Amino acid sequence: MSNTSQIALLTPADGETMNQQTDKPKKKEMNAGLLAAHAVRLTRMNGKTPLQIGAEKTKTALDWVYRWGWSSPSTLDKLGGSARRGLAARLVKNGLLRSTRTESGGAVRGVPGFILTLTETGQAEVERFRENLLPYQLDQYKVRQDKLRHDHLAQMATARAVINGKIAGFKTEKELAEESAKGVKQPDVVWLLDNSLLGLEVELTGKFGRQLDQFVYGCVHALVGNASQRPRFHRIAIVTDSPAIKKRYEQAFAPGAKYQVWNKNSRGYWVSENQVRTVPDNVKGRIQCQLIED
Amino acid sequence: MPAHRGLIVALVFALSSCTDTDMLERENKALRQQIEVRQAQIDYNEKQASVARGCDLWRAICPDSMVARGRAALADGYSGSGGWFWLSFILKLVAIGAAPGAFVGVAAWLWFRFAKPAAGEAEAARMIVSSAQAEAEKAQQIATQLRQDAQNTAMRLAAERKNLVEIQHQTKLARDELKITKQAMDALSSFS
């Protein structure tokens, strides 16, 4: 339906008729205001009908859940862009999403009370229009409860960045894992800026020993690359809500800082190669530790 | 010669005593004519002898047709000491020296006329050429120096251009990095 036809439906003739019946000038003014409001609304909708906009929002929300594995009602509502909430509830009601109460929802700050996962119908709907398929876990109870706050932080920030146009796109950990070799450390999400890739690591707990070494190695390797692999990202941002963790990572990624390389032996145990490496100078300024207030 | 004269006078005296006067006068006249002829013949032979002697002195270069009679006269006893001796001798010397003298004279004339000025001109030309060569060498040295300077300048310019390109590249990288940093900071504000 075109703008012209939509405007034509709200013809002044109706208003004039009413005016003729009631003969009240006030009503005539209201009809003119209503007409203007409709015109503004149509302009904001870029000439799309409400039905088309609703379908797009549904598609966007389902695709979001498919890419992240799960999401929260607040994230989807924010993604919907509307001031009114209810997109997530409508999708649950339509049988496209499944809502599941979380273990610590409401008790722990930043953990959503409910998580939303795709139903089989929702998955089918998403995969109908996607070009690249991803492995999707339909069992909502396999969503890691200990990472809900972590993932929710990443999702909310990504949704805000997308809506505000601060990033051109993003790739989730699942998508990155599909594109990379097995065993390669993936960031939580990669944001696509104008001409660069920003890897994001949300770190809410401190890492020590082997895990810290592997984290440093993975980040440095992803930034610098080697003879067989090009650098994967231009920058990496480590986001945390703990000043202590921020300080710890800043020290770990300072140029010249030492770390060890670990590998699994034939029996499957992690062993250090007794090979101490240093963080190269050219990562200086490219690994950014950001403290957030949740 | 005196011997012949005496003989003739005695003959005249002898004849004049035995004949009449006319006859004697005629005879005397005839004898006088004979004496004159003989005297002319003697003078001629003496002249030929002088010429032959002058021609044959030091080196005989005169043709036989010219000196045969004189040589015969010399053999007959003529002395060949007259003025013709010196004349023929000098003429012979002149004849001997004429060819080389002419050759030397012509050569000298040719040398003064052509070779000497040509030599001067050649010397002048050689000096001009030498000077021009010196100028050319100097110009060549200047050109070589200028070429070297130009080459050095070109190399320096190339190096500076390379540095400039590198600086521009580094500046662009720094700008890109700054832009990425701003974009990243702006995007990360979404966590707030």
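Scanning chain A from terminus to terminus reveals 11 helices and 9 strands. Per-residue burial for chain A yields a buried fraction of 28% across its 294 residues. Here the analysis covers contacts within chain A between residues at least 6 apart in sequence; of these, 59% occur between residues at least 24 apart.

For chain B, the helix and strand inventory stands at 4 helices and 0 strands. Taken from N to C terminus, the helices and strands of chain B fall in the order α-α-α-α. Within chain B, buried positions represent 13% of all 192 residues.

So, on to the packing of helix α2 (residues 21-56) of chain B against helix α4 (residues 83-188) of chain B. All names here are of chain B. Closest axis-to-axis distance for the α2/α4 pair is 7 Å, and the angle between their directions is 35°. When the axes of α2 and α4 are compared, the crossing they make is right-handed. Here K47, S50, V51, R53, G54 and C55 of α2 come into contact with α4, specifically with W84, F85, W86, L87, S88, F89 and K92. Considering only residue class, the contact of α2 with α4 consists of 7 nonpolar, 3 polar and 3 charged.

Many analyses report the size of an interface as the accessible area lost when the parts associate. Counting residues at the interface gives 19 residues for chain A, matched by 9 residues for chain B. Of all elements in the fold, only α8 (148-163), β6 (235-240) and β9 (287-291) of chain A reach the threshold of two or more residues within the side of chain A that touches chain B. Taken together, the residues of the side of chain A that touches chain B break down into 9 nonpolar, 5 polar and 5 charged.

On to the nonpolar core, then. Ranked by internal contacts, the top residues of the largest apolar core, which has 56 residues, are A61, V65, W191, L198, L200 and A237 of chain A together with A187 of chain B. When residues of this core are assigned to their parent elements, the largest contribution, 8 residues, is made by α8 of chain A. Discounting residues that sit within four places of it in the chain, A61 of chain A has contacts with L76, L79, G80, L87 and L91 of chain A. V51, V67, A73 and Y78 of chain B belong to the second-largest nonpolar core, a separate cluster that totals 10 residues.

The subject of this paragraph is the pairing of strand β7 (residues 258-264) of chain A. Residue and element names in this part refer to chain A. As paired strands, β7 and strand β8 (residues 270-278) are joined by 6 bridges and run antiparallel to one another. Paired with W262 across the strands is S272, a residue of β8. Counting the residues between successive antiparallel strands, the hairpin from β7 to β8 contains 5 residues, one of them, G268, with a positive phi of roughly 90°.

We now examine the sheet that holds strand β4 (residues 189-192) of chain A. Note on sheets: strands pair through backbone hydrogen bonds, and any given pair is parallel or antiparallel. Spatially, 5 strands are ordered β3-β4-β5-β6-β9 (chain A) in an open sheet, and the strand pairing comes out mixed. The open sheet has two edge strands, β3 (169-172) and β9 of chain A, and neither has a second partner. Strand-to-strand twist across the sheet, computed as the mean angle between neighbouring axes with direction ignored, equals 25°. As judged from the 4 bridges shared by β3 of chain A and β4 of chain A, these two strands associate in the antiparallel manner. Considered in β4 of chain A, the bridge of F170 of chain A is made with W191 of chain A. Along the sheet, α4 of chain B makes contact with β4, β5 (197-202), β6 and β9 of chain A, crossing β6 of chain A at roughly 30°.

Taking 1.5 Å of rise per residue, 106 residues should cover 158 Å, and α4 of chain B covers 148 Å from first to last C-alpha, within 8% of that figure. The largest bend in α4 of chain B comes to about 45°, at W111 of chain B. Along α4 of chain B, only 8 of the 106 residues are buried, which leaves the element largely exposed. Listed in full, the buried residues belonging to α4 of chain B are W84, F85, S88, K92, Q183, A184, A187 and L188 of chain B. Residues of α4 of chain B that are buried make contact with α8, β4, β5, β6 and β9 of chain A together with α2 of chain B.

Another aspect to go through is helix α4 (residues 50-68) of chain A. In an α-helix, one full turn covers 3.6 residues, which means residues spaced three or four apart are oriented alike. Residues and elements named next belong to chain A. Between its first and last C-alpha atoms α4 spans 27 Å; for 19 residues at 1.5 Å apiece the expected length is 27 Å, and the two agree. Taken together, the buried positions of α4 are A61, L62, W64, V65, Y66, R67 and W68. A positive backbone phi angle near 100° is found at G69, which sits one or two residues after α4.

All names here are of chain A. Orientation of helix α5 (residues 73-80) relative to α8, taken along the N-to-C sense of each, is 5°, at an axis distance of 9 Å. One finds that α5 runs roughly parallel with respect to α8. Residues T75, K78 and L79 of α5 form the contact with α8, whose participating residues are Q155, M156, A159 and I163.

Moving on, we come to the confidence of the model for chain A. Taken over all residues, the pLDDT of chain A has a mean of 83, while the share at 70 or more is 84%. Across residues 1-28 of chain A the pLDDT falls below 50, and counting only partners more than four positions away or on other chains, this stretch makes 18 contacts in the model.

All names here are of chain A. Within strand β2 (residues 114-118), 4 of the 5 residues are buried, leaving the element largely enclosed by the surrounding structure. The pairing of strand β1 (residues 97-101) with β2 spans 5 bridges and is antiparallel. Within β2, the position partnered with T100 by the bridge is I115.

All names here are of chain A. Following the sequence through the fold, T158 ends up in helix α8. Among the residues examined, T158 registers 27 C-beta atoms within 10 Å and is labelled buried. Sequence separation between T158 and W191 is 33 residues, and the spatial gap between their C-alpha atoms is 7.9 Å. Not counting residues within four places of it along the chain, the set of residues in contact with T158 comprises F170 and V189.

This part is about the environment of S196 of chain A. Tracing the backbone shows S196 of chain A in the loop between β4 and β5. Overall, S196 of chain A belongs to the partly exposed group, with 18 C-beta atoms counted inside 10 Å. Between the alpha carbons of S196 of chain A and F233 of chain A there is a distance of 7.3 Å; along the sequence they are 37 residues apart. If we skip the residues at most four places from it in the chain, S196 of chain A touches H234 and R235 of chain A together with I180 of chain B.

Here is what the cut-offs are and how they apply
Residues numbered from 1 in each chain as written. Chains lettered and ligands numbered in written order. Predicted model: local features only at pLDDT ≥ 70, side-chain atom pairs only at ≥ 80, totals over all residues. Helix = DSSP H or I, 4+ residues; strand = E, 2+ residues; numbered from the N terminus. Buried ≥ 20, exposed ≤ 12 C-beta atoms within 10 Å, placed from the backbone. Contact = placed C-beta atoms within 7 Å. Axes fitted to C-alpha atoms, helices over the stretch in contact; angles between N-to-C directions. Left-handed = near helix turned anticlockwise from the far one by under 90°. Nonpolar A, V, L, I, M, F, W, Y, C, P; charged D, E, K, R; others polar. Core = buried A, V, L, I, M, F, W, Y, C linked by C-beta atoms within 7 Å. Pairing = 2+ DSSP bridges. Expected span 1.5 Å × (residues − 1). Bend = angle between axes of the 7 residues up to and from the residue. Parallel < 35°, antiparallel > 145°, perpendicular 65-115°, else oblique. pLDDT = per-residue confidence, 0-100.

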